[in-house]
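Residue strings, one per chain:
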Amino acid sequence: MTFQELDLIEPILRALQTEGYTQPTPIQEQSIPLILQRRDLLGCAQTGTGKTAAFAIPILQILHAEEKAAPQGPRVIKSLILTPTRELAIQIAESFGAYGRHTGLKYTVVFGGVSQGPQTTALKAGVDVLIATPGRLLDLMDQGFVKLQNLKIFVLDEADRMLDMGFINDVKKIIGKIPAKRQTLFFSATMPPEIQKLANTILSNPVKVEVTPVSSTAEKVQQAVYFVDKKDKRNLLYYILQDKSIVSALVFTRTKHGADKVMKDLVKSGIRAEAIHGNKSQSARQNALKNFKERKTRVLVATDIAARGIDIDELSHVINFELPNIPESYVHRIGRTGRAGASGIALSFCDHEEKDYLKDIHKLIGMAVPVIEAHPYPLSNMGIEKIQDPRRGSSQKTGSSHRSGATQNSGQPQSKPFQGQKGTNAKKWYGNKSSFKGNK
Ligand code: AMP
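Given the structure is predicted, the values throughout are model-derived calculations rather than measurements. (Residues numbered from 1 in each chain as written. Predicted model: local features only at pLDDT ≥ 70, side-chain atom pairs only at ≥ 80, totals over all residues. Heavy atoms only, no water.)

Our focus in this paragraph is the overall build of the chain. The helix and strand tally for the chain stands at 16 helices and 15 strands. In the chain, which comprises 440 residues, the share counted as buried stands at 56%. Once local pairs closer than 6 in sequence are excluded, the contacts in the chain between residues at least 24 apart make up 76%. Counting every atom, the chain has about 18300 Å² of accessible surface; 50% of that belongs to carbon and sulfur. (Helix = DSSP H or I, 4+ residues; strand = E, 2+ residues; numbered from the N terminus. Buried < 20%, exposed > 50% of the residue type's maximum accessible area, 1.4 Å probe, protein only. Contact = heavy atoms within 4.5 Å. Areas by Shrake-Rupley, 256 points an atom, 1.4 Å probe, with all protein chains shown as cover.)

For helix α2 (residues 26-36), the set of buried residues is Ile-27, Gln-28, Ser-31, Ile-32, Leu-34 and Ile-35. One or two steps after α2, the chain reaches Arg-38, where phi turns positive at roughly 70°.

In terms of nonpolar packing, the biggest core is built from 40 residues, with Phe-55 and Phe-96 touching the most fellow members. Elements with a contribution of two residues or more to this core: α1 (10-19), α2, α3 (51-69), α4 (86-99), β4 (129-132), β5 (153-156), β6 (183-188) and β7 (207-210). Those residues in contact with Phe-96 that lie beyond four places of it in its chain are Phe-55, Ala-56, Ile-59, Leu-60, Ile-81, Arg-101, Tyr-107, Val-129 and Ile-131. One finds Leu-42, Leu-80, Leu-140 and Ile-195 within the second-largest nonpolar core, a separate group that totals 31 residues. (Core = buried A, V, L, I, M, F, W, Y, C linked by side-chain atoms within 4.5 Å.)

Right, let's get into the pairing of strand β9 (residues 249-252). Covered by surrounding structure in β9 are Ala-249 and Val-251 together with Leu-250 and Phe-252, the residues of both alternating faces. Here β9 runs beside strand β11 (residues 299-302); their pairing, made up of 4 bridges, is parallel. When the sheet's bridge partners are listed, Phe-252 is paired in β11 with Ala-302. Where β9 meets strand β12 (residues 317-320), 4 bridges bridge the pair, whose relative direction is parallel. By the bridge assignment for β12, Phe-252 is matched with Asn-320. (Pairing = 2+ DSSP bridges.)

Reading across the sheet, the 7 strands line up as β3-β4-β2-β5-β6-β1-β7 and stay open at both edges, with parallel pairing between neighbours. The open sheet has two edge strands, β3 (107-110) and β7, and neither has a second partner. For this sheet, the mean angle separating the axes of adjacent strands, direction not counted, is 15°. The pairing of strand β2 (residues 79-82) with β5 spans 4 bridges and is parallel. Of the residues in β5, the one forming a bridge with Ser-79 is Ile-153. Seen against the sheet, helix α9 (residues 193-202) touches β1 (41-44), β5 and β6 and runs at an angle of roughly 170° to β6. (Axes fitted to C-alpha atoms, helices over the stretch in contact; angles between N-to-C directions.)

This part is about the packing of aromatic side chains. Aromatic ring pairs: the centre-centre distance and the angle between the two ring planes describe each pair. In total, this model carries 6 aromatic pairs according to the counting rule given. Seen in terms of ring centroids, Phe-55 and Phe-96 are 6.5 Å apart; in terms of plane orientation they differ by 45°. Their pairing is tilted. On the criterion of sequence distance, the pair formed by Phe-55 in helix α3 and Phe-96 in helix α4 is long-range, its members being 41 residues apart. Judged by relative accessible area, which is 0%, Phe-55 ranks as buried. We classify Phe-96 as buried; its relative accessible area is 2%. Taken together, a centroid distance of 5.8 Å and an interplanar angle of 50° make the contact between Phe-321 and Phe-349 tilted. Taken together, the residues span a long stretch of sequence, with Phe-321 in the loop between β12 and α15 (327-334) and Phe-349 in strand β13 (residues 344-350) at a distance of 28 residues. For the pair Phe-321 and Phe-349, a shared accessibility class is recorded, and that class is buried. Aromatic rings pair up to connect Phe-55, Phe-96 and Phe-187 into one cluster. A cation sits over an aromatic face here: Lys-233 above Phe-321, 5.9 Å from the ring centre. (Phe/Tyr/Trp six-rings, centres within 6.5 Å; stacked < 30°, edge-to-face > 60°. Lys NZ or Arg CZ within 6 Å of the ring centre and 35° of its normal.)

Structure, rendered in structure tokens:
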């Protein structure tokens, strides 16, 4: 299937060529024709599947056709894309800019945490497409800067995350203020009951498009888990980062404080690292992201919310310094790598307290994450752990002999200083096929 076969107009085809897209991803293949037919859509898909283009391309095509048919006076907002985070909003706006560059359509993006002046200026100049996070949008609507009475296409992006982040009431308020007669495109990576209920109330006779069941993201990413004591995690991270083939790594922590701490430890050890989380100013987050994308920093440490939807081309490694307590977050995290079909590596650190989180993850992804046993910081008192592999209904033995060349004589976990691991004779920590047994 090619983009031409999807009946896209020339200005969009030209832009896609510039982007280097040769063929549509599965969600694009399925969604674009349906959206062009003006159907409501329920898309079960997460970031990394090409879902932004799946809605942005047909929206641009519809609005372009309408503008050609009836050139208007001042521009009015005809499409609204509501998304949970500023980073996602910016990325979606960049996508509209890229795919729509030859259409003459105008878009802008509004989000909180920055002064509203430039946003209201852009709105006053008139836009066809508005990309927004819920809080700032409501604010600007209340102040009369955003008028949505001409809205034709509404996109709710990452609906499940809206719920997780406590935005669902804002979303409902916004939906209550937009025209009832509209086309609605609803995207969510998961479908918890509350999200299903919301979808049922706002969609009209929708077609369901489900490209990536949550478990299958997992399949294209090479995953592994290290059992390690909490106190040794920073040593293990440093040890792993000794591998120079890790050009860039996104490291996840559960808390903002944790992200700062990991970042500081890395910097102290001479590794270029920055942290992003909700306590950082918008400009600090943007800068950190820019430095990471430009490879000025090697490691970006992030919390789940800050990293949601971050789109980094060719990110090779995701490292879960702490496992998420919500198993879906694991899938979102590892989806940062291996994007648009590229292969990626996701490594997780699991301490005693996190074993239940790992079990939940196994249940969700339908497989047991393979264990890397050869590393210098094995979990103390691991004993024989039986971790259920839900695919096979059998048990996978993990632990008890987590030894590397560096530790095999002691059999005891070694607490090494954070610095000075260079001389270790431990086996290479991945790429050892036998370590990935059970990952097929
Ligand atoms: P998304 O799921 O929208 O976050 O997109 C994930 C990544 O895939 C982004 O970097 C897009 O630029 C890229 N992408 C989207 N569609 C295509 C395509 N048809 N071919 C190649 N890359 C794509």
